[in-house]
Amino acid sequence: MAKKKVDAGNGKRRKERVVPVTGATSVPAPSAMQEEAPPLPERNGKLRLSSLEDFEEHKQAHHADLRNAARAAPRPTGKPGGKTAATAATGAAGRRKAATRPSAGEIRKHYVIDTNVLLEDPGCIEQLRSGSENACYLPQTVLQELDKLKRQPAKAHLVSRAVSAVEAAVTQGHLRVVTGDYQALALPSSAPEVKSSPDQYIIADARSLLATVPREEPVVLVSNDRLLRIMADTSSGLRSEEYRCSIPFRSESERYTGFVAPADVVPNSFTWEGAYPLFHDHALDTHEVKFAATPWNIVPRDVYQALAMRLMLDPGIPLVSLQSTAGKGKTFLALGCALEMVLKEKRHKRIFISKPLVEIGPKLGYLPGDLTEKTDPYMEYIVDLMLKLHNEHRRAPNALAATPNGTSLSRLNPKVIQVLPINYTRGRNLEDCVVILDETQNLSREDLRTLLTRMGRNVKVICMGDTQQVDAPFNSPENNGLNWLVRLLRGNPGYAHLVLRGRKSRGPITDMVVAAGL
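The structure presented is a predicted model; accordingly, all values stated were derived computationally and were not measured.

Undergrad: What should I look at first to understand the overall build of the protein in this one?
TA: When its secondary structure is counted, the protein shows 16 helices and 18 strands. A fraction of 71% describes how many contacts in the protein between residues 6 or more apart in sequence connect residues 24 or more apart. Accessible area for the protein stands at about 27,600 Å²; split by element, carbon and sulfur atoms hold 53% of it.

Here it is in structure tokens:
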């Protein structure tokens, strides 16, 4: 006789509901950002996480990351009576060819580092030193170039990382600053006095080493500037090489994805060691995530969208941030979760939506009308997403329309959803609401602090952005509101962050553009 299942939450007997695999022809619910709208499952129903698209692919990728991290971790010393780490290293070195490693005290190459290499990869100093095998030098002209570039907002964050690496290397004795004899080359005594390229001065700085190093040890100028490399190769005594080990810059909000290694667990983070992801809550209690919720009848497209909605619906996490490239459904999911919490669950009374008013391309100039009419052009996408949520799910937007029993969202009901202009938030106190802060990468650290300090009791804040799409003139991928939020609040029990991934976005054109890196 088959046993009936009992829901552990309320003790009522229930029947098991089978949800078909997303992507099959018989799917009853649309995925997030899907164009067609087949019939939907029961509101706020749950589906098994393993039925989502690319589940196995994402699981294998996380398991591979764990294996790679384990290989890269330092190995313990040898067992008592066996080989120690030093003995093993000596044995490994003894098996190498004599030409691959110089003898003690010998330096094979003297690398002179150009500005562009230092900006691309601040770790190039240790990379080129290769332990203590080679020596590294920095031309005095490069320091002067960095001093000029630090005043450019678009490059200030790269200069800051480069200067920190140079300072640490000089302090440890791993880097030496060299200055050339400019008078011997009939050059002015100071590079900034010349309006042309400082390449001549960098070559002069590099050539100053020729008289101080053994003749058999080459002086190599490392640069990604092809013209500078040609000038170095034609200069007597110098060689040049291209730096090919550069690591693409990633902001803090990209490096911390919300998934961590088991040894690095922080509150409100995920690990993935077994069949399903594990969620570590604010008290570091572990919960296996087997099912995905469907708030406002939104069926997540992949694992990351399911986990993002879990964080946004969690009443114990008042502040959530989402990072992803374009088209991964951040705003769509946030709006769906906000409607669920306000209109269905009644956890909050109102929804506020805010974003920085940053224009792309030529300025539109003065916009006529009152405050609502001025902000309407910047918030049209919110109305589009609201219509998408209601049209796909066959709902009449009565509660959201400004007019009673309205069927048009040309005007939103301010009692339910309201646009929050950043310029007029100073002094406000927001309570019992869900606040969606979109495009937070275009907010400065001070602007985001101003907004977040307006939040009172019973407030849920969802911050979203993409640090690779910074449009604000004084922000950068490193210095922006979203990046500062992740950097300073990571590990806080009331905060969670997640990076949305996946091969598919809002459409095939977006997929092509993102994959090509346009």
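Undergrad: Help me understand the nonpolar core in this model?
TA: When a protein is soluble and globular, its nonpolar side chains tend to lie buried together. Grouped together as the largest cluster of nonpolar side chains are 52 residues, with contacts concentrated most on Leu49, Met312 and Leu498. Contributing elements (two or more residues each) for this core: helix 10 (303–313), strand 13 (319–323), helix 11 (330–344), strand 14 (350–354), helix 13 (380–392), strand 16 (433–437), strand 17 (459–465) and strand 18 (495–499). Setting aside anything within four residues of it in sequence, one finds methionine 312 in contact with Val320, Leu322, Leu333, Ala334, Cys337, Met341, Lys460 and Ile462. If you look at the next biggest cluster of nonpolar residues, it comprises 36 residues, including Tyr137, Ala169, Val220 and Leu221.

Undergrad: Quick question: what am I supposed to make of the side chain of asparagine 480 here?
TA: Residue position: asparagine 480 is located in the loop between strand 17 and helix 15 (481–489). For asparagine 480, the side chain forms a polar contact with the main-chain nitrogen of leucine 482, separated by 3.2 Å. When residues no more than four places from it in sequence are discounted, the contact partners of asparagine 480 are Gln441, Leu443, Thr467 and Asn475.

Undergrad: Help me understand the sheet that holds strand 9 (residues 269–271) in this model?
TA: Backbone hydrogen bonds are what pair the strands of a sheet, in a parallel or an antiparallel way. Sheet architecture is open: three strands sit in the order 9-10-11, paired in antiparallel fashion. Since the sheet does not close on itself, it has two edges, and those belong to strand 9 and strand 11 (286–288), each with one partner. Within this sheet the neighbouring strands show an average axis-to-axis angle of 30°, counted without direction. In terms of strand pairing, strand 10 (residues 278–280) meets strand 11 through three bridges, oriented antiparallel. Its bridge partner being in strand 11, phenylalanine 279 is matched across the sheet by histidine 287.

Undergrad: Even after reading the chapter, I still don't get helix 11, so can you show me in this structure?
TA: Structurally, the α-helix is built with 3.6 residues per turn, so residues lying three or four positions apart point the same way. Compared with the 21 Å implied by 1.5 Å per residue over 15 residues, the 21 Å span of helix 11 between its first and last C-alpha is a close match. Within helix 11, 13 of the 15 residues are buried, leaving the element largely enclosed by the surrounding structure. In the stretch just after helix 11, lysine 346 is the one whose phi turns positive, near 60°.

Undergrad: Can you help me understand the pattern of salt bridges in this one?
TA: A side chain with one charge can pair with a side chain of the opposite charge if their charged atoms come near. Evaluation of the coordinates by the stated rule reveals 13 salt bridges. In this structure, lysine 290 engages glutamate 288 in a salt bridge whose closest nitrogen and oxygen atoms are separated by 3.8 Å.

Undergrad: Help me understand the environment of proline 295 in this model?
TA: Here proline 295 lies in the loop between strand 12 (291–293) and helix 10. Overall, proline 295 belongs to the buried group, its relative accessible area being 0%. Separated by 18 residues in the primary sequence, proline 295 and leucine 313 have C-alpha atoms spaced 8.6 Å apart.

Undergrad: So what exactly am I meant to see when it comes to helix 6 (residues 156–171) here?
TA: Taking 1.5 Å of rise per residue, 16 residues should cover 22 Å, and helix 6 covers 22 Å from first to last C-alpha, within 8% of that figure. When helix 6 is considered as a whole, its buried residues turn out to be His157, Leu158, Val159, Ala162, Ala165, Val166 and Ala169. Two residues or fewer past helix 6, glycine 173 is found with a positive phi of approximately 80°.

Undergrad: Sorry if this is basic, but what is going on with the packing of helix 7 (residues 199–207) against helix 8 (residues 226–234) here?
TA: When two helices pack together, their arrangement is given by the angle between their axes and by how far apart the axes lie. One way to put it is that helix 7 packs onto helix 8 with a least axis distance of 10 Å and a crossing angle of 45°. If you check the angle between helix 7 and helix 8, you find them oblique. For the crossing formed where helix 7 meets helix 8, the hand is right-handed. Between helix 7 and helix 8, the contacting residues are Asp199, Gln200, Ile202 and Ile203 on the first element and Leu228, Met231 and Ala232 on the second. Its residues assigned to classes, the contact of helix 7 with helix 8 shows five nonpolar, one polar and one charged.

Undergrad: Can you walk me through unusual backbone geometry in this structure?
TA: Leaving glycine out, the prevailing phi sign among residues is negative, and the prevailing peptide bond configuration is trans. A positive phi angle, close to 65°, is found at asparagine 297, a residue other than glycine. Tracing the chain through its elements places asparagine 297 in the loop between strand 12 and helix 10. If you check the backbone angles, glutamate 439 has positive phi at about 55° while not being a glycine. You can see glutamate 439 is positioned in the loop between strand 16 and helix 14 (445–452). Since its relative accessible area comes to 24%, glutamate 439 is described here as partly exposed.

Undergrad: Would you mind going over the sheet that holds strand 5 (residues 135–139) with me for this structure?
TA: Read across the open sheet, the five strands follow the order 6-5-4-7-8; overall the sheet is parallel. The open sheet has two edge strands with one neighbour each: strand 6 (176–178) and strand 8 (238–241). Within this sheet the neighbouring strands show an average axis-to-axis angle of 35°, counted without direction. Its contacts with the sheet put helix 5 (residues 140–149) on strand 4 (110–113), strand 5 and strand 6, and the angle it makes with strand 5 is roughly 55°.

Undergrad: Got a minute to help me understand the pairing of strand 18 in this structure?
TA: It is a general feature of regular strands that their side chains alternate between the two faces of the sheet. Of all five residues in strand 18, five are buried; the element is thus mostly enclosed. Of the two faces of strand 18, the one carrying Tyr495, His497 and Val499 and the one carrying Ala496 and Leu498 are both buried. Alignment of strand 13 against strand 18, held across five bridges, turns out to be parallel. Bridge pairing in strand 18 links glutamine 323 to valine 499.

About the criteria used
Residues numbered from 1 in each chain as written. Predicted model: local features only at pLDDT ≥ 70, side-chain atom pairs only at ≥ 80, totals over all residues. Heavy atoms only, no water. Helix = DSSP H or I, 4+ residues; strand = E, 2+ residues; numbered from the N terminus. Contact = heavy atoms within 4.5 Å. Areas by Shrake-Rupley, 256 points an atom, 1.4 Å probe, with all protein chains shown as cover. Core = buried A, V, L, I, M, F, W, Y, C linked by side-chain atoms within 4.5 Å. Buried < 20%, exposed > 50% of the residue type's maximum accessible area, 1.4 Å probe, protein only. Polar contact = N/O pair within 3.5 Å; in protein donor to acceptor, adjacent residues only side chain to side chain. Pairing = 2+ DSSP bridges. Axes fitted to C-alpha atoms, helices over the stretch in contact; angles between N-to-C directions. Expected span 1.5 Å × (residues − 1). Salt bridge = Lys/Arg side-chain N within 4 Å of Asp/Glu carboxyl O. Parallel < 35°, antiparallel > 145°, perpendicular 65-115°, else oblique. Left-handed = near helix turned anticlockwise from the far one by under 90°. Nonpolar A, V, L, I, M, F, W, Y, C, P; charged D, E, K, R; others polar.

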